[in-house]
There are 2 protein chains.
Amino acid sequence: MPTSENDAPLYREIAEDVRAAIASGRFSDGDRVPGENDLMKQYGVARATARQALSVLIDEGVVVAIRGSGVYVRTFRPLRRHGPRRLSRDLWGAGRAVWQADAAGGSFETDGIEVDTAPAPAYVARALGLDDRAPVVRRHRRYRLAQRPMQLATSYLPADLARGTAIAEPDTGPGGIYARLAEQGRAPAHFTEEVRVRMPTPDESRALALQRGTPVLDVLRTALTAEHTPVEFNEMTLDGSAYVLQYDFDA
Amino acid sequence: MPTSENDAPLYREIAEDVRAAIASGRFSDGDRVPGENDLMKQYGVARATARQALSVLIDEGVVVAIRGSGVYVRTFRPLRRHGPRRLSRDLWGAGRAVWQADAAGGSFETDGIEVDTAPAPAYVARALGLDDRAPVVRRHRRYRLAQRPMQLATSYLPADLARGTAIAEPDTGPGGIYARLAEQGRAPAHFTEEVRVRMPTPDESRALALQRGTPVLDVLRTALTAEHTPVEFNEMTLDGSAYVLQYDFDA
């Protein structure tokens with residue numbers, strides 16, 4: 001591989017040039033950056049070198065390649081997901097879906113809904129304060145906004161609370177599962193969210209239609225009643241390029 | 001490139017085999033997985049194919065390559081960063097560093113401290129409710145735990161509040177900048193944190209000694225007084241493989 005004076009491989013230098021041009025604002029959100037052919041001509045390098053330079057920037061999530069079109073500066077126009085506000089009792093109490101709070105203007109659609117009863121995995125049993133392998137109702141679904149897949153979610157509820165109610169049905173009715181829990185005197189009053197980040201699995205990349213260089217956010221939420229009894233554990237996987245999470249708290 | 005019957009390139013199939021072996025628990029946290037030589041022998045493939053298979057798993061953050069040693073299942077033993085609890089007034093009021101709350105057992109060390117005064121960039125001015133390019137004191141530092149770099153942070157404070165106090169000094173004294181703000185009757189009472197995720201820049205990869213396939217968390221925190229006057233904006237970049245963020249809130 002040809003190297004320059006300072007021993008950085010040439011493709012890294014080319015990547016650095018394009019990165020600097022983006023940082024300086026010469027190319028901004030959504031702009032087309034030089035493609036393989038442009039870089040080959042501009043730097044007098046082989047196609048493999050030009051491709052490797054672009055590959056570095058794609059893996060960094062700085063640019064995205066659109067098949068048959070070109071390479072573009074990635075645009076970050078995230079949805080703001082406001083922890084405390086979205087889970088306000090006003091919402092589900094009024095029969096509105098919690099998720100609507102996220103999608104200012106737009107409206108979330110769900111697909112791929114699967115509902116079943118299964119033994120709780122160890123980490124779910126722990127979060128819900130159940131015995132290992134106690135039965136839980138499991139609700140899996142995908143959320144889309146204007147056709148774009150945004151997140152995958154799997155909720156787990158103690159089978160005792162869910163059985164024979166709309167919680168165990170694909171359509172949970174107005175206000176969703178929180179409204180149904182409230183009807184049983186088990187309204188969620190407290191929430192804990194744990195957030196971590198990682199690269200997606202190939203299955204998640206497909207389900208969320210992720211571009212290369214896009215990490216996912218895992219948000220693990222436990223909903224508790226006023227008496228601090230856990231009633232739901234929700235395991236969410238969010239497209240990291242689609243969200244900003246906001247949390248407010250007091251000192 | 002040799003392809004199998006179902007047209008997935010061979011290196012992807014090999015990656016899938018290793019991924020499945022990790023998912024099934026055959027290889028668990030910290031275990032050595034087959035390296036290039038092992039995969040070449042096992043699958044009868046060229047070194048380039050074996051390397052490409054491992055590269056897929058490294059980019060997914062599933063395994064890490066230790067130079068001169070081998071390839072290992074990545075261990076995720078994160079530090080829990082508890083938003084509300086860490087910023088409890090009890091801590092800085094008692095002269096303890098806020099960061100100590102994160103490092104159960106261990107103790108954070110800071111290095112690379114840089115303090116200066118500069119015109120506020122537009123997004124900082126907005127967060128602090130200042131005029132564009134108003135003077136701010138900027139404090140940059142890196143946090144390490146047991147030698148491991150964990151996060152980079154840059155705090156911005158209105159120059160009016162910081163000038164002539166320890167806030168503008170490298171050593172801010174017991175309890176840190178929040179204790180110094182409290183002495184001026186400007187104790188933080190409310191916090192807003194915004195969390196987003198992305199791949200690191202090459203500079204960040206170096207400063208945080210990140211393995212390939214490791215995203216970073218950006219945490220942007222605004223500290224406000226009881227009267228909701230912003231007094232600090234802190235831009236943090238966390239090693240995504242080192243942290244779980246926890247937030248508690250009420251419905």
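Owing to the predicted nature of the structure, the values given are computational and were not obtained by experimental measurement.

1. Quick notes on the overall build of chain A
- Counting its regular elements, chain A contains nine helices and 11 strands.
- Considering chain A as a whole, with its 251 residues, one finds that 50% of them fall into the buried category.
- Residue pairs in contact within chain A that sit at least 24 positions apart in sequence constitute 59% of those at least 6 positions apart.
- Of the roughly 11,800 Å² of accessible surface on chain A, 48% is carried by carbon and sulfur atoms.

2. Re the layout of surface pockets
- Computed from the structure, the second largest pocket encloses a volume of approximately 1,100 Å³.
- Lining the second largest pocket are 41 residues, and of these Val62(A), Arg196(B), Arg198(B), Thr201(B) and Asp218(B) sit closest to its centre.
- Sort the elements by how many residues they give to the lining of the second largest pocket and helix H1 (residues 10-23) of chain A lands first, with five residues.
- A breakdown of the residues in the lining of the second largest pocket according to their chemical character gives 17 nonpolar, 12 polar and 12 charged.

3. Notes on the UniProt feature "domain: HTH gntR-type" (unreviewed entry) in chain A
- Sites flagged by UniProt as "domain: HTH gntR-type" (unreviewed entry) map to residues 8-76 of chain A.
- Summarising residues 8-76 of chain A: 51% helix, 14% strand, and an end-to-end C-alpha distance of 30 Å.

4. Some thoughts on the sheet that holds strand E8 (residues 190-198) of chain B
- Read across the sheet, eight strands follow the order E4(A)-E11(A)-E8(B)-E9(B)-E10(B)-E7(B)-E6(B)-E5(B) without closing on themselves; strand pairing throughout is mixed. Whereas interior strands pair on both sides, the edge strands pair on one side only; in this sheet they are strand E4 (79-82) of chain A together with strand E5 (108-119) of chain B. On average, each strand axis in the sheet is inclined to that of its neighbour by 20°, with strand direction left out of account.

5. Looking at the interface of chain B and chain A
- Taken together, the contact between chain B and chain A spans 39 residues of the former and 39 residues of the latter.
- For the pair chain B and chain A, the summed buried surface comes to about 3,200 Å²; carbon and sulfur atoms form 62% of the total.
- Applying the counting criterion to the chain B and chain A interface returns two salt bridges.
- Two residues, Arg80(B) and Glu194(A), come together in a salt bridge whose shortest N-O distance is 2.4 Å.
- Between chain B and chain A we count 14 residue pairs in polar contact (both at pLDDT 80 or more) in total.
- Those elements that place two or more of their residues in the side of chain B that touches chain A are helix H4 (83-86), helix H5 (89-93), E8 and strand E11 (243-250) of chain B.
- When its residues are assigned to classes, the side of chain B that touches chain A shows 20 nonpolar, eight polar and 11 charged.

6. Quick word on the environment of Gly70(A)
Residue and element names in this part refer to chain A.
- Take glycine 70: it is sitting in strand E3 (residues 70-73).
- On the accessibility criterion, glycine 70 (15% relative accessible area) is buried.
- As a C-alpha pair, glycine 70 and arginine 32 span 38 residues in sequence and 6.8 Å in three-dimensional space.
- Here glycine 70 is in contact with Arg32, Val64 and Ala65, once residues within four sequence places are set aside.

7. Some words on the environment of Thr172(A)
Residue and element names in this part refer to chain A.
- Within the secondary structure layout, threonine 172 lies in the loop between helix H7 (159-162) and helix H8 (176-183).
- Here threonine 172 falls in the buried class, since its relative accessible area comes to 13%.
- Setting aside residues no more than four positions away along its own chain, threonine 172 makes contact with Arg139, Ala166, Ile167, Ile177 and Arg180.

8. What about the pairing of E8(B)?
- Among the nine residues that make up E8(B), seven are buried, leaving the element largely enclosed by the rest of the structure.
- Bridging between strand E11 (residues 243-250) of chain A and E8(B) involves six bridges; their strand directions are antiparallel. Of the residues in E8(B), the one forming a bridge with Gln246(A) is Glu194(B).
- Relative to strand E9 (residues 216-224) of chain B, E8(B) runs antiparallel, the two being bridged by nine bridges. Across the sheet, His190(B) pairs through a bridge with Leu224(B), a residue of E9(B).

9. Regarding the confidence of the model for chain A
All names here are of chain A.
- Confidence in the prediction for chain A averages 90 pLDDT; 90% of positions are at 70 or higher.
- Under a pLDDT of 50 for its full length, residues 1-5 has, in the predicted model, eight contacts with residues more than four places off or in other chains.
- On the interface metric, ipTM, the complex scores 0.88, and its pTM is 0.88.

10. What to know about the sheet that holds strand E1 (residues 32-33) of chain B
- On the basis of which strands lie adjacent, the open sheet formed by three strands has the order E1-E3-E2 (chain B) and antiparallel pairing. Only two strands of the sheet have a single neighbouring strand rather than two, namely E1 and strand E2 (63-66) of chain B.

11. Some words on the side chain of Arg180(B)
Residues and elements named next belong to chain B.
- Mapped onto the elements, arginine 180 comes out in helix H8 (residues 176-183).
- The class of arginine 180 is buried, set by a relative accessible area of 13%.
- Aside from chain neighbours lying at most four places away, what touches arginine 180 is Ala166, Ile167, Thr172, Gly173 and Pro174.

12. Details of the relation of the copies chain B and chain A
- Aligned on chain A, chain B shows an RMSD of 0.0 Å; the corresponding rotation is 180° and the shift along the axis is 0.0 Å. Expressed as an axis order, the relation between the two copies is that of a two-fold axis. Residues of chain B ranked by C-alpha distance from the rotation axis are headed by Pro215(B), positioned 3.2 Å from it.
- A shared interface surface links the copies, since 100% of the contact residues of chain B are contact residues in chain A too.

13. Points about the packing of aromatic side chains
- Per the stated rule, a full pass over the model turns up 13 aromatic pairs over all chains.
- On the basis of an interplanar angle of 35° and a centroid distance of 6.3 Å, the ring pair of Tyr156(B) and Phe233(B) is categorised as tilted. On the criterion of sequence distance, the pair formed by Tyr156(B) in strand E7 (residues 148-158) and Phe233(B) in strand E10 (residues 230-239) is long-range, its members being 77 residues apart. Exposure class is identical for Tyr156(B) and Phe233(B). Each is buried.
- The structure contains a cluster of three or more aromatic residues connected by ring pairs, namely Tyr178(A), Phe191(A), Tyr247(A), Phe249(A), Tyr178(B), Phe191(B), Tyr247(B) and Phe249(B).
- One residue, Arg26(B), lies across the ring of Phe27(B), its end atom 5.1 Å from the ring centre.
- In this structure, Arg196(B) is placed above the aromatic ring of Phe76(A), and the distance from its NZ or CZ to the ring centre is 3.7 Å.

Cut-offs used in this document
- Residues numbered from 1 in each chain as written.
- Chains lettered and ligands numbered in written order.
- Predicted model: local features only at pLDDT ≥ 70, side-chain atom pairs only at ≥ 80, totals over all residues.
- Heavy atoms only, no water.
- Helix = DSSP H or I, 4+ residues; strand = E, 2+ residues; numbered from the N terminus.
- Buried < 20%, exposed > 50% of the residue type's maximum accessible area, 1.4 Å probe, protein only.
- Contact = heavy atoms within 4.5 Å.
- Areas by Shrake-Rupley, 256 points an atom, 1.4 Å probe, with all protein chains shown as cover.
- 1 Å grid on protein atoms, 1.4 Å probe; cavity = no way out; pocket = protein on both sides within 12 Å on 5 of 7 lines; lining within 4 Å.
- Points joined across faces, edges and corners; volume = space filled by probe spheres on them.
- Nonpolar A, V, L, I, M, F, W, Y, C, P; charged D, E, K, R; others polar.
- UniProt positions renumbered as here; feature names shortened; annotations may be inferred.
- Pairing = 2+ DSSP bridges.
- Axes fitted to C-alpha atoms, helices over the stretch in contact; angles between N-to-C directions.
- Buried area = accessible area lost by both parts, 1.4 Å probe.
- Salt bridge = Lys/Arg side-chain N within 4 Å of Asp/Glu carboxyl O.
- Polar contact = N/O pair within 3.5 Å; in protein donor to acceptor, adjacent residues only side chain to side chain.
- pLDDT = per-residue confidence, 0-100.
- Least-squares fit on C-alpha atoms with pLDDT ≥ 70 in both.
- Phe/Tyr/Trp six-rings, centres within 6.5 Å; stacked < 30°, edge-to-face > 60°.
- Lys NZ or Arg CZ within 6 Å of the ring centre and 35° of its normal.

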